[in-house]
Amino acid sequence: MTLPVLVDCDTGIDDAIALTYLAGHPDVRIAGVVSSAGNVEVAAVHRNNLVLAELLGIDAPVSRGAAAPLTADLMTADDTHGPQGLGHAHLPEPTTSGDPREGAQLWVETARAHPGELVGLVLGPHTNLALALELDPELPRLLRRLHIMGGAINHRGNTGPTSEWNIAVDPEAAQQVLAAFTGAPQRPVLGSLEATETVRFTSATLSRLQGTADRTGHPVATILVDALRWYFEFHQADGFGWIAHVHDPLVAAHAATGDFARTRPLAVDVELTGMLTRGQTVGDELGRWGRTPNVDVLTDVRPEEFIDHLLHVLQEALSGGSRSL
């Protein structure tokens, strides 16, 4: 049986890689895609998701989510992902406007349609899932499991000094989601920066993807290569050298396979009021709060093995030749 997955993402370069991976994984069926404001504004995210879904043959509703965080003003990452979210890539126009339902409603209806089976995958801010929990507080018991790319536990941030992007965009939503899933049948899996930043694409990785694009002629392969060139340029300008930290695909792959990393239980909460630390994910390593662990944090990643797996699945996903809208 294939695993039904609902993907909530702010596409975004690494989100696009994760979507392509999930579309090509033989044991995964994408049951829905929710567009989240984050890396770029929600209209650009939704356009990216619609085009990728059509080019990849994803037969699932693609829904536009909230345009802004619950309480804060939206901040975007045009410098990291490009003004339209996919770097140097040029996308065709989508042929549809997507599913008419709000993103929160798609969360609820998809979970109700697959009780105990649906895997939720949050690769962007938590806004839509927080709104979905207002519609149906039973969501934590309807999902098979929730997987999150977000946070930084005992690790420097990539947005503020201690905060990671997906959490920092909407800390209130992230805090509400973690609180709601406390006591869920399965603890959410949290792929935070100390895990995802072990996955580093190098020039050799980019060359392998370029080879896939040259061999297959698939437009998504070209989109990913052009997007990644921007991502490499950003990381070099940010002082990391000619590499790219590719966060979302690791969390997607662990959700699909349970492989490439281990987990450890931890009580985690989100700082909302700190003048210097708003958006920080705080892990209680010593049990000072006296709380039961509410997440399983990814650890002990095997990055080289994962990258080989990722590139293999991407090649399989994009081996069908050229497609056009």
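Keep in mind the model is a prediction, meaning the values are calculated, not measured.

Please clarify how the overall build of the chain should be interpreted in this entry.
Along the backbone of the chain there are 13 helices and 12 strands. The C-alpha radius of gyration computed for the chain amounts to 18 Å, which stays within 12% of the reference 20 Å derived for 325 residues, consistent with globular compactness. Each principal axis of the C-alpha distribution contributes one length, and for the chain these read about 55 × 45 × 35 Å. Contacts spanning at least 24 positions in sequence make up 83% of the contacts within the chain whose residues lie at least 6 apart.

Explanation requested: the confidence of the model for the chain in the structure shown.
Low-pLDDT portions of the prediction should not be read for the details of their coordinates. When pLDDT is averaged along the chain, the result is 96; 98% of the residues meet or exceed 70. In this model residues 321-325 is a low-confidence stretch, pLDDT under 50, and it forms 20 contacts with partners more than four residues away in sequence or in other chains.

So what exactly am I meant to see when it comes to the layout of surface pockets here?
If you roll a probe as big as a water molecule over the atoms, it shows you where there is empty space left. One number sums up the size of the largest pocket: a volume of about 450 Å³. Forming the boundary of the largest pocket are 27 residues, of which Thr80, Asn158, Thr159, Trp165 and Phe234 lie nearest the centre. Elements with a contribution of two residues or more to the lining of the largest pocket: α1 (13-24), α3 (78-81), α7 (165-169) and α11 (219-237). Taken together, the residues that form the lining of the largest pocket break down as 7 nonpolar, 11 polar and 9 charged. The wall of the second largest pocket is formed by Leu3, Val119, Arg144, Arg145, His147, Val189, His254, Ala255, Ala256, Thr257, Gly258 and Thr263. Listed by contribution, the elements that provide at least two residues to the lining of the second largest pocket are β5 (145-149) and α12 (248-257). Top element by residues in the lining of the second largest pocket is α12. It accounts for 4 residues. Class assignment of the residues belonging to the lining of the second largest pocket gives a composition of 5 nonpolar, 5 polar and 2 charged.

For this particular structure, what's the right way to read the sheet that holds strand β6 (residues 189-191)?
Neighbouring strands of a sheet are bound in pairs by backbone hydrogen bonds; such pairs are parallel or else antiparallel. Taken in spatial order, the 8 strands of this open sheet run β3-β2-β1-β4-β5-β6-β12-β9, and their pairing is mixed. Every interior strand has two partners, whereas the edge strands, β3 (62-64) and β9 (262-266), have only one. On average, adjacent strands in this sheet sit at an angle of 25° to one another, irrespective of strand direction. Sheet topology places strand β2 (residues 28-35) next to β3; 3 bridges connect them, and they run parallel. By the bridge assignment for β3, Ser35 is matched with Arg64.

Looking at this structure, how should I read the pattern of salt bridges?
With the rule as written, the count across this model stands at 16 salt bridges. Between Arg47 and Glu93 there is a salt bridge, with its nearest N and O atoms 3.3 Å apart. Of this pair, Arg47 sits in helix α2 (residues 42-56) while Glu93 sits in the loop between α3 and α4 (103-113), placing them 46 residues apart in sequence. Judged by its relative accessible area of 55%, Glu93 falls in the exposed class.

What is the right way to read the packing of aromatic side chains from this model?
Given two aromatic rings, one states the distance between the centres and the angle between the planes to describe the pair. Applying the stated rule across the entire model yields 2 aromatic pairs. Each ring, one from Phe232 and one from Trp242, has its centre 5.2 Å from the other, and the planes form 55°; the classification is tilted. Residue Phe232 is found in helix α11, and its partner Trp242 is found in the loop between α11 and β8 (244-245); the two are separated by 10 residues along the sequence. Residue class for Phe232 comes out buried when judged on its relative accessible area of 0%. Geometry around Trp289 places Arg291 over its ring, the cationic atom sitting 4.3 Å from the centre.

I would appreciate a short explanation of α2 in the present structure.
Each full turn of the α-helix corresponds to 3.6 residues, which orients residues three or four apart in the same direction. Look at α2: 21 Å from first C-alpha to last across 15 residues, which is about the 21 Å you get at 1.5 Å a residue. A large share of α2 lies buried, amounting to 12 of its 15 residues. Of the positions making up α2, those classed as buried are Val42, Ala44, Val45, His46, Asn48, Asn49, Leu50, Val51, Leu52, Ala53, Leu55 and Leu56. Close packing links the buried residues of α2 with β1 (3-9), α1, β2, β3 and α11. In the stretch just after α2, Gly57 is the one whose phi turns positive, near 70°.

Would you explain empty space enclosed by the protein in this entry?
Within this structure, the stated rule accounts for 1 cavity of 30 Å³ or more. The computed volume of the largest cavity comes to approximately 40 Å³. Lining the largest cavity are Pro140, Leu143, Arg144, Arg145, Leu146, Phe181, Pro185 and Gln186. Residue classes in the lining of the largest cavity are distributed as 5 nonpolar, 1 polar and 2 charged.

Definitions and cut-offs
- Sequence order as written defines residue numbering, which begins from 1 separately in each chain.
- In keeping with the model being predicted, local features are shown solely for residues with a pLDDT of at least 70 and side-chain atom pairs are shown and tallied solely at 80 or more, while totals for entire chains, interfaces and linings include all residues.
- Just so you know, side-chain values use all the structure's heavy atoms and leave hydrogens and water out.
- Strands here are runs of E lasting at least two residues and helices are runs of H or I lasting at least four, both read from the DSSP assignment and numbered beginning at the N terminus.
- Atoms counted for the radius of gyration: C-alpha only. Globule rule: 2.2 Å times residue count to the power 0.38.
- Whether two residues are in contact is decided by their heavy atoms: any pair within 4.5 Å suffices.
- For every residue, the predictor states its confidence as a pLDDT score lying anywhere from 0 to 100.
- We place a 1 Å grid over just the protein atoms. Points where a 1.4 Å probe fits but has no way out form a cavity, open points with protein on both sides within 12 Å along at least 5 of 7 lines form a pocket, and any residue with an atom within 4 Å of a point lines it.
- Grid points are joined across faces, edges and corners, and a volume is the space filled by probe spheres set on the points.
- Here the term charged refers only to Asp, Glu, Lys and Arg, the term nonpolar to Ala, Val, Leu, Ile, Met, Phe, Trp, Tyr, Cys and Pro, and the term polar to all other amino acids, Gly among them.
- A pair of strands is labelled paired if DSSP reports no fewer than 2 bridges between them.
- Only C-alpha atoms enter the line fits that serve as axes; for helices the fit covers just the stretch in contact. Angles between N-to-C directions range over 0 to 180 degrees.
- Salt bridge, as used here: a side-chain nitrogen of Lys or Arg that lies within 4 Å of a carboxyl oxygen of Asp or Glu.
- The rule is simple: take the accessible area with a 1.4 Å probe, protein chains only, and divide by the maximum for that residue type; under 20% is buried, over 50% is exposed, in between is partly exposed.
- Ring pairs shown here join Phe, Tyr and Trp side chains whose ring centres sit within 6.5 Å, with only the six-membered ring taken for Trp; geometry is labelled stacked below 30 degrees between planes, edge-to-face above 60, and tilted in between.
- Only lysine NZ and arginine CZ atoms are considered, and such an atom sits over a ring when it is within 6 Å of the ring centre and within 35 degrees of the ring normal.
- Helices are assigned an expected span. That span is 1.5 Å times one less than the residue count.

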